[in-house]
Amino acid sequence: MKTRVRLGGSGARRLGPAMLRSMFLVACADRFGWRAQTLEYRFAAPRRWRFDVAWPDAKVAVEFQGQHGPAHRGYYRGTSGLQLDCEKFCAAAADGWRLFPVTYPMLREDMAGVVELVARAVDNRREG
């Protein structure tokens, strides 16, 4: 049975980042199976960079953008946080990764669409 993710109405605006991340992971597990994705996947050794969610066999990853909690408040206020993310994203691209930076408003407005975009990339990479 497929899990339905419906976020319409005023209740969707109250969903916080943690709940949206969880819902995204459930939607991806429904699409790919529970073991298909890897959380906090480390890449580009010896760097300590990690992707929030990755499909290593397809070299596809998702990075959640925006506030992740109290420790990240103000991360993009200066250029250092943005610059570090750009360095990470460029290194990933150079190593052949297809990276999807996803914002929480994107998940609130069209989670199924985001999952489908990622699924298309994973399927394309696995097919050929």
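The structure presented is a predicted model; accordingly, all values stated were derived computationally and were not measured. Throughout, a residue's number is its position along its own chain's written sequence, starting from 1. Under the rules for a predicted model, residues below a pLDDT of 70 receive no local features and side-chain atom pairs below 80 are neither given nor counted, while totals for whole chains, interfaces and linings still include all residues. Heavy atoms from the whole structure form the basis of all side-chain values; hydrogens and water molecules are not counted.

J.: Give me the packing of helix H1 (residues 17-32) against helix H3 (residues 104-127): which residues, what numbers.
T.: Where H1 meets H3, the closest approach of the two axes is 10 Å, and the angle between their N-to-C directions is 35 degrees. In the crossing of H1 with H3, the sense of the turn from one axis to the other is right-handed. Here H1 contributes Pro17, Leu20, Arg21, Met23, Phe24, Ala27, Cys28, Arg31 and Phe32 to the contact with H3, which in turn contributes Tyr104, Leu107, Arg108, Met111, Val114, Val115, Glu116, Val118, Ala119, Val122, Asp123 and Arg126. When residues are sorted by character, Ala, Val, Leu, Ile, Met, Phe, Trp, Tyr, Cys and Pro go into the nonpolar class, Asp, Glu, Lys and Arg into the charged class, and all the rest, Gly among them, into the polar class. Broken down by class, the residue content of the contact of H1 with H3 amounts to 15 nonpolar, no polar and 6 charged. Convention adopted: a line fitted to C-alpha atoms gives each axis, helices being fitted over their contacting stretch, and angles between N-to-C directions are expressed from 0 to 180 degrees. The way it works is that DSSP assigns letters per residue, a run of H or I at least four long becomes a helix, a run of E at least two long becomes a strand, and they are numbered from the N terminus. In this scheme the handedness of a crossing depends on how the near helix is turned from the far one: anticlockwise by less than a right angle means left-handed, clockwise means right-handed. The contact criterion used throughout is that any non-hydrogen atoms of two residues lie within 4.5 Å.

J.: Before we move on, can you summarise the pattern of salt bridges with the specific residues and values?
T.: Any Lys or Arg side-chain nitrogen found within 4 Å of a carboxyl oxygen on Asp or Glu counts as a salt bridge. Evaluated as defined, the whole model comprises 3 salt bridges. With its nearest N and O atoms 2.6 Å apart, the salt bridge here joins Arg31 to Asp123. Taken together, the residues span a long stretch of sequence, with Arg31 in helix H1 and Asp123 in helix H3 at a distance of 92 residues. The classification of residues rests on relative accessible area computed with a 1.4 Å probe and restricted to protein chains. Under 20% of the type maximum is buried, over 50% is exposed, and intermediate values are partly exposed. Note on Asp123: relative accessible area 24%, which makes it partly exposed. Asp57 is the partner of Arg126 in a salt bridge, and the nearest nitrogen-oxygen pair spans 2.8 Å. Pair noted here: Arg126 is in helix H3 and Asp57 is in the loop between strand S2 (50-55) and strand S3 (60-65), with a separation of 69 residues, a long-range link. You can call Arg126 partly exposed: its relative accessible area is 40%.

J.: Please provide a residue-by-residue account of H1, values included.
T.: Here the expected length of a helix is defined as 1.5 Å per residue gap, with one fewer gap than residues. Between its first and last C-alpha atoms H1 spans 22 Å; for 16 residues at 1.5 Å apiece the expected length is 22 Å, and the two agree. What H1 keeps buried is the set Leu20, Arg21, Met23, Phe24, Ala27, Cys28, Ala29 and Phe32. A positive backbone phi angle near 100 degrees is found at Gly33, which sits one or two residues after H1.

J.: So what about the packing of aromatic side chains? Which residues, and what values?
T.: Aromatic ring pairs are defined here through the distance separating the ring centres and the angle between the ring planes. Note on ring pairs: Phe, Tyr and Trp rings are taken, using the six-membered ring of Trp, and paired if centres are within 6.5 Å. Classes follow the plane angle, with under 30 degrees stacked, over 60 edge-to-face and the rest tilted. If you walk through the whole model with that rule in mind, you get 8 aromatic pairs. Judged by centre distance (5.2 Å) and plane angle (50 degrees), the ring pair of Phe32 and Trp55 falls under tilted. Of this pair, Phe32 sits in helix H1 while Trp55 sits in strand S2, placing them 23 residues apart in sequence. The two residues Phe32 and Trp55 agree in class, both being buried. Judged by centre distance (5.6 Å) and plane angle (50 degrees), the rings of Tyr41 and Trp97 are tilted. Residue Tyr41 is found in strand S1 (residues 38-42), and its partner Trp97 is found in the loop between helix H2 (79-94) and strand S4 (98-103); the two are separated by 56 residues along the sequence. Of the aromatic side chains, those joined through ring pairs into one cluster are Tyr41, Phe43, Trp49, Phe51 and Trp97. Any Lys NZ or Arg CZ that is within 6 Å of a ring centre and within 35 degrees of that ring's normal is treated as a charge sitting over the ring. Over the ring of Phe32 we find Arg31, and its NZ or CZ is 5.2 Å from the ring centre.

J.: Account for H3, naming residues and giving values.
T.: Relative to the 34 Å expected for 24 residues at 1.5 Å per residue, H3 spans just 30 Å between its end C-alpha atoms, considerably shorter than the ideal helical length. Along H3, the largest kink reaches about 110 degrees and is centred on Asp110. Of the positions making up H3, those classed as buried are Tyr104, Leu107, Met111, Val114, Val115, Val118, Ala119, Ala121 and Val122. In the core, the buried residues of H3 are packed alongside H1, S2, S3 and S4. In this analysis the local bend is the angle between axes fitted, respectively, to the seven residues ending at and the seven residues starting at the residue.

Taken by themselves, the reported measurements are silent on function.
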